[in-house]
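Chain and residue survey
So you can see what is in the structure, the chains are spelled out below.
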Amino acid sequence: MGIGAYFLIQTQYLNKQINALDLISADAVLVFETEEPVTAWNNLVTQPIWQRLSELPSLKNAEEQLVALDSLVGRSGNLDRSLKGNQMVISLHTVGKDEFDFMFVLAFKDGADESFVLDLEKNLPELSRVVTRSYSDVTIYELQSPNLERNLTYSKIDNILVASYTSFLVEEAIRFSKSSTQNTFKEHYKELFTALPSPKGMGVFRVTSQGLAKLVNGISRDSNIPMVRNFSQNKLAANLELNFAENKIHLAGWAVFVDGNRIDFQDLKPVKNNVFRNHISNRTAVFFQYQSSENEELQQIKNLSFQPRNTLKGDIEKDLFKKGFLENLKGGLGFSLFETVVNEPQDKILLIHTDRLEDQIQLLKEFNLGLAKIDLSLIPVDYYQNREIFMVAEEEFPAHLFDGKFLGFDDTFITGMGEMLVFANSSKAMKIFLDDVASDNTWGKSLQHKQFMEGVSQNAWFNFVVNVPRFWNSVIEISSPNWQAFFQKYAPQLKSIDLLALQVTEKNNGHAVNVQMGYNPGPIKAVRDIALSENKSIRFNHQLIFGPKSIQNFNDKSYEYVVQDELFNLHLLTSEGERVFSKILDGPIVSDIFQIDYYKNGKLQLLFATGEMVYVIDRFGSPIPGFPTNPSNEVITHLSLVDYSNTRDYRYFLATEPGNLFLLDSDGKALEGWNPNKISGSLSAAPAHHRIAGVGDQMVAFSNNGNLHLFNRRGEPQIGSPIRLGGALDSEYIVIERGSAKDTRIVTVTKDGEVVQVNFKGELAYRNQLLRPDRESKFSLVKDQTDNRFLFVVQEFNKVTVMDPEYKVLFTKEISAGDLDFQYFSFGADKNIFVLIDKTQEFIYLYNIKGDLLNTLPISGKTEIDLKYSGSQNEYTIHTVNQDKFSEYKLPT
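Described in the following lines is the structure provided in the data block. (Residues numbered from 1 in each chain as written. Predicted model: local features only at pLDDT ≥ 70, side-chain atom pairs only at ≥ 80, totals over all residues. Heavy atoms only, no water.)

So, the sheet that holds strand β46 (residues 832–838)
- Spatially, four strands are ordered β45-β46-β47-β48 in an open sheet, and the strand pairing comes out antiparallel. Two strands close off the open sheet at either side, each with one partner strand: β45 (820–826) and β48 (859–860).
- In this sheet, β48 lies alongside strand β47 (residues 843–847) in antiparallel orientation, the contact comprising two bridges. Its bridge partner being in β48, Phe843 is matched across the sheet by Ser860. (Pairing = 2+ DSSP bridges. Helix = DSSP H or I, 4+ residues; strand = E, 2+ residues; numbered from the N terminus.)

Section: the packing of aromatic side chains
- Under the counting rule described, the total for this entry stands at 43 aromatic pairs.
- The interplanar angle of 50° and the centroid separation of 5.2 Å between the aromatic rings of Phe486 and Tyr490 together place this pair among those described as tilted.
- On the basis of relative accessible area, Tyr490 is assigned to the buried category, the value being 14%.
- In this arrangement the basic side chain of Lys405 is found over the ring face of Tyr290, its NZ or CZ atom lying 5.9 Å from the centre.
- The cationic tip of Lys783 hangs over the ring face of Tyr733; the distance from NZ or CZ to the ring centre is 5.6 Å. (Phe/Tyr/Trp six-rings, centres within 6.5 Å; stacked < 30°, edge-to-face > 60°. Buried < 20%, exposed > 50% of the residue type's maximum accessible area, 1.4 Å probe, protein only. Lys NZ or Arg CZ within 6 Å of the ring centre and 35° of its normal.)

So, the sheet that holds strand β23 (residues 559–565)
- Here four strands make up an open sheet; going across it, the order is β22-β23-β24-β25 and the pairing antiparallel. The sheet terminates laterally at β22 (544–552) and β25 (579–584), the two strands that pair on one side only. Taken over all neighbouring pairs, the strand axes of this sheet differ in orientation by 15° on average, direction set aside.
- One ladder, built from four bridges, connects β23 with strand β24 (residues 569–573); its direction is antiparallel. What sits directly across from Tyr561, in β24, is Leu573. (Axes fitted to C-alpha atoms, helices over the stretch in contact; angles between N-to-C directions.)

A look at the pattern of salt bridges
- Scanning all chains against the criterion turns up 34 salt bridges.
- A salt bridge links Glu737 to Lys431, with the nearest nitrogen and oxygen atoms 3.7 Å apart. Of this pair, Glu737 sits in the loop between β37 (733–736) and β38 (745–749) while Lys431 sits in helix α16 (residues 427–438), placing them 306 residues apart in sequence. The same class applies to Glu737 and to Lys431, which are both buried.
- One network of salt bridges, with partners in common, ties together Asp347, Lys428 and Arg789. (Salt bridge = Lys/Arg side-chain N within 4 Å of Asp/Glu carboxyl O.)

These values are about where atoms sit, not about what they do.
Here's what the structure looks like:
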């Protein structure tokens, strides 16, 4: 008994062995545990990404201090030998409202070499000193040095060395060492340590949903983000082993459920292609994918913080679920959050894989009918790209369908595509999505986005992919002021990690987790000037005065181009430069070129107007019977195409020089109520039709004298019309769709530089005067090619200033020409081109959104260009006309 007591005292008290994790609070954001700290560090600093990351102050300081530490203990691998095989835990903690700090805990095994600690104290850097104090009968040391921005606090507790730049973290560790009742990380998340008692390889990150939620909330200005709150409440955790691969940081391991509430999915059979690959727009910043073999499995994943409306939930159960809505799904859900644009809501797209699309669409329409209590034929329907779009005006409809997932839908706009139900949170989001799919601007068709598609496993029941550069604006927007300044300052370094992908796969009755952080190892790109050279060209006998305007060949979907020469000959060219036809007109074209299916047989005709006539001609240049026509007998200034319900019962909306509006039927005859509809003054932009939720069809016309006119389809003025905007107008306008008539805005800028916003209730919602350098300054609103994005341009005598919608100056260019024109093309946050056309010198300049010139030598020309982006080729194709020549250029991105 005496011998036993002796050894008990020696091992349990005199040589007490403490686990480093016993000193870590359960409030830790995350924990990294390793027995190979030097190996892990050396592997990190030899990765190509380290050159970028080491420019961050905290990592740069860490590297300098570890080099100094190695020097103080004598180099020659002494530090590695001292630390190797001993448990080291690095934990991250919140130390303020938006501040975090690390604590380092090193647990020496029995008989380990602790001499390096003594060596450090004996070999302090010059002008450094160590001061001591006592806390709970334990000595705390504070290293004060001019080489340190903050004092380093450390303490020795039995076999433990604990250190931090935040002293109260060391004090907390001491309290934990004294008490067995404290709530430690190891006790609180015991499932993590049951699954993996000791670290593997270079080390293991032990992460929890609650901890990561604290990290996001600490960085964010809003501590109540619904998605983050839901993630925290799910009480998930994972052990993830650290590894490095080519251009990737890799974490792999297994998830555990802290509260024992498991989610069980069946193993998915290997699938060759991801069904969503060609439906993920290149504008996507964040993509979620759920994939299950049975739809009931998806219902296991719930948003515990979502509070459904019982009445809507009941209607869904009765009118959708009991009628087979869930049974018709194939178990795949894809959710895209688009990159954010200043002062605009985030666009969101939900893709639902189904094998009975028409049945699902009909079910949703009938469900909508039950909610609205009206005739199905009266439900507002819009059309875009020949697809019917209808709206369910119920807040968070997708979340009610799928147990709180997919939040952010004030209204839900729905269409079908192949085997996909498509839900969008706005009409604008739906149209952008349809444009991107039609133009192959998707992950599946883009070489540049191939790595993001590789981050989505069809065999995983959950995928989460972040395109960091596209998500960056959202990071800046939600960050607190301190973090916002940090992110802006070190954006090039942090955005080097351009991919974050997480996959969860069901394996062997467990949940395998795979995290990849992909990065670009190359140097930060400097802007490269490119001297564009002609790819192909075709010459004409006379000077070209109009075009090129692109249209689509209805046979093979290739692009063709319309141009007009100075003798008013209209020419149609193939993409290869071959002439399809030439036809003489009575004057110059004054409108856009529209394609219509006049005979409703799939063969398309061209619609346009000169000052004298409205023309409809077929693909061979022959006129449709009854055309050209001009029932107004006045000079035509504008023309637009209207097709209310995508029935190809066309209306031609034209304006004349005296300021009269005519609406013609498909045969060119003026309709009652529009023969004419007189307004005060000629128009500043083409009259147009817009379908607005809650209001219906709206006919919009801006007059040069500063009045906005709103009419219904019969030509009757809407309430409040005309609306006096203030000054005269000569600029374009844009409609910013935000759901309701009150929130949807018409935006324009007057000749005097006043930005005016009007809603479709006829109310002036906003005014703001732009800086007006002098009386001769000109102001323009410049829309992109899809009428979804816009910029403001201020033109002075010798300078052009380009601003975003929030009036932030993007760039300024000194140019003295007075006759300038502008274009804007947007294919995503990093695919923006601003075109400046100097009509006097006949030069065309291409700039990115930062104002960097993309073409060393300007393109020759004085008319607007046609520009398209190919995701598969990762290049722009530019078509121009100059003098007697039509030309094509290629610009790599």
